[in-house]
Amino acid sequence: MKAIILMSGGIDSTVTLALALDKGYDCLALSFDYGQRHLIELTSARAICKHYDVPHHTIKIDPSAFGMSSLVEKDSPMPKERSLKEISEGGIPNTYVPARNTIFLSFALGQAEIFNADEIHFGMNAHDISAYPDCRPEYINAFQSLIDVATKQSLEKSPPKIVTPLTKMTKGDIITTGYRLAAPIELTHSCYNPTKNDLQCGVCDACALRKEGFATAQSS
């Protein structure tokens, strides 16, 4: 079985890759350079793929394709120092990048046909589903319907299936799974707003969720 892994440099995509490899998949990792503030995630993605000896492709997208998001607009204020309650109940955050996952999955679909992949693995977690419209099961199901009719591979063989193995997991669950699989979590980078030295800021939503995840994993 072959799988395309949508690969950021964070814990979620790293554990998604580790799970696929643990099941014996032949994997190709796919990352995107879209002018994100946390471009350092691509350095982590390359290091993680090198650790696993998994081929890694990075696709560059013109940053002007994205806007209205603090992840790409440096003048847009990044949510900081929010409590976990504020993060979970605050609605769609301005770290949402309009149509980003649709574009990412479209590229992944093309790569799946080239790679003759059976599946596309996407590491959104339980929090992502509640916070981002393009992580919800309804969205994934709708995109799967498109995949089923969209390519030569779909019509002549069988369409690749989107697999989201982390959707019922909290960050703590994901980290615990990563420990079990000996995933290189130390190579990951989750921060949305890294310092000038590419260190994690410790106060953005991604850092807060990462910190809570480690605390939960260690106490379980």
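Every chain begins its residue count from 1, and numbering advances along the sequence as written. For a predicted model such as this one, the threshold for reporting local features is a pLDDT of at least 70, and the threshold for listing and counting side-chain atom pairs is 80 or more; totals across whole chains, interfaces and linings nevertheless cover every residue. Side-chain calculation: all heavy atoms of the structure are included, whereas hydrogens and water are not.

Asks: Can you tell me about the sheet that holds strand β4 (residues 119–121), naming the residues and giving the values?
Replies: Note on pairing: two strands pair once DSSP finds at least 2 bridges between them. Helical segments are the DSSP runs of H or I of at least four residues, strand segments are the runs of E of at least two, and each set is numbered from the N terminus. Within the open sheet, the five strands sit side by side as β3-β2-β1-β4-β5. Their pairing is parallel. Each having just a single partner strand, β3 (56–60) and β5 (161–163) make up the two edges of the open sheet. Averaged over all adjacent pairs, the angle separating strand axes in this sheet is 25°, with direction ignored. Sheet topology places β4 next to β5; three bridges connect them, and they run parallel. Bridge pairing in β5 places Ile120 opposite Ile162. Angles shown run from 0 to 180 degrees and are taken between the N-to-C directions of axes, each axis being a line fitted to C-alpha atoms and, for helices, limited to the stretch in contact.

Asks: I'd like to hear about the side chain of Ser13, residue by residue, with values.
Replies: For Ser13, the location among the structural elements is in helix α1 (residues 11–22). A 1.4 Å probe rolled over the protein chains alone gives each residue an accessible area, and that area as a share of the maximum for its type sets the label: buried under 20%, exposed over 50%, partly exposed in between. For Ser13, a relative accessible area of 4% puts it in the buried group. The term polar contact refers here to a pair of N or O atoms within 3.5 Å; inside protein, the definition further demands a hydrogen-donor-capable atom paired with an acceptor-capable atom, and it admits residues adjacent in sequence only when both atoms are side-chain atoms. Among the polar contacts listed, one links the side chain of Ser13 to the backbone oxygen of Gly10, at a separation of 3.5 Å. Note on definitions: a residue-residue contact is assigned when non-hydrogen atoms from the two residues lie within 4.5 Å. Residues contacting Ser13, with those up to four places away along its chain left out, are Ile5, Leu6, Met7 and Ser8.

Asks: So what's going on with the packing of helix α4 (residues 100–115) against helix α6 (residues 137–150)? Residues and values would help.
Replies: At a closest axis distance of 12 Å, the pairing of α4 and α6 adopts a crossing angle of 30°. Considering the relative orientation of α4 and α6, their crossing is right-handed. Residues Asn101, Thr102, Leu105, Ser106 and Leu109 of α4 pack against Tyr139, Phe143, Ile147 and Ala150 of α6. Split into classes, the residues belonging to the contact of α4 with α6 amount to six nonpolar, three polar and no charged. In a left-handed crossing the near helix is turned counterclockwise from the far helix by less than a right angle, and in a right-handed crossing that turn is clockwise. Gly falls in the polar group here, along with every residue not listed as nonpolar (Ala, Val, Leu, Ile, Met, Phe, Trp, Tyr, Cys, Pro) or charged (Asp, Glu, Lys, Arg).

Asks: Talk me through the pattern of salt bridges; I want residue IDs and the actual numbers.
Replies: Side chains that differ in sign of charge can pair as their charged atoms come close. The term salt bridge refers to a pairing of a side-chain nitrogen on Lys or Arg with a carboxyl oxygen on Asp or Glu at a separation within 4 Å. Inspection of the entire model under this criterion finds seven salt bridges. Ionic pairing is found between Asp205 and Arg82, a salt bridge with its closest N-O pair at 2.5 Å. With Asp205 in helix α9 (residues 205–219) and Arg82 in the loop between β3 and α3 (84–89), this pair connects stretches of sequence that are 123 residues apart. Lys85 is the salt-bridge partner of Glu89, the closest N and O atoms lying 2.9 Å from each other. Taken together, the residues Glu89 and Lys85, both in helix α3 and four residues apart, mark about one turn of the helix. Taken individually, Glu89 and Lys85 each receive the classification exposed, so the pair is uniform in this respect.

Asks: Mind laying out the environment of Ser88, listing which residues take part and the relevant values?
Replies: Considering the arrangement of structural elements, one finds Ser88 in helix α3. Distance in space between the C-alpha atoms of Ser88 and His127 is 7.4 Å, their sequence separation being 39 residues. Only 3.1 Å separates the side chain of Ser88 from the backbone oxygen of Lys85, close enough to count as a polar contact.

Asks: Now, about the packing of aromatic side chains: what can you tell me, with residues and values included?
Replies: Here a Phe, Tyr or Trp ring, Trp counted by its six-membered ring, pairs with any other such ring whose centre lies within 6.5 Å, and the pair is stacked when the planes are under 30 degrees apart, edge-to-face when over 60, and tilted otherwise. Considering all chains together, one arrives at five aromatic pairs under this definition. Here the aromatic rings of Tyr34 and Phe66 are separated by 5.3 Å at their centres, their planes lie at 70°, and the arrangement is edge-to-face. You can see Tyr34 sitting in the loop between β2 (26–33) and α2 (40–52) and its partner Phe66 sitting in the loop between β3 and α3, a full 32 residues away along the chain. Relative to Phe143, the ring of Tyr139 lies with its centre 6.3 Å away and its plane at 45°, an arrangement referred to as tilted. Taken together, the residues Tyr139 and Phe143, both in helix α6 and four residues apart, mark about one turn of the helix. Accessibility expressed as a relative area gives 14% for Tyr139, which makes it buried. Of the residues examined, Phe143 reaches a relative accessible area of 6% and is grouped as buried. Each member of the aromatic cluster is reached from another via a ring pair, and the members are Phe32, Tyr34, Phe66, Phe104 and Phe107. A cation over a ring is seen here: Lys2 above Phe115, with NZ or CZ 4.9 Å from the ring centre. By definition here, charges over rings are those cases where NZ of Lys or CZ of Arg is within 6 Å of the ring centre and within 35 degrees of the ring normal.

Asks: Describe the nonpolar core, with residues and values.
Replies: Of all hydrophobic cores here, the largest spans 36 residues; its most connected members are Ile4, Leu6, Phe32, Tyr34, Leu105 and Ile120. Only β1 (2–6), β2, α4, α6 and α9 provide two or more residues apiece to this core. Examining the composition of this core, we find that six residues originate from one element, α4, more than from any other. Not counting residues within four places of it along the chain, the set of residues in contact with Leu105 comprises Leu6, Ile120, Phe122, Tyr139, Phe143 and Ile162. We call a set of buried residues a nonpolar core when its members are Ala, Val, Leu, Ile, Met, Phe, Trp, Tyr or Cys and they connect through side-chain atoms within 4.5 Å of each other.

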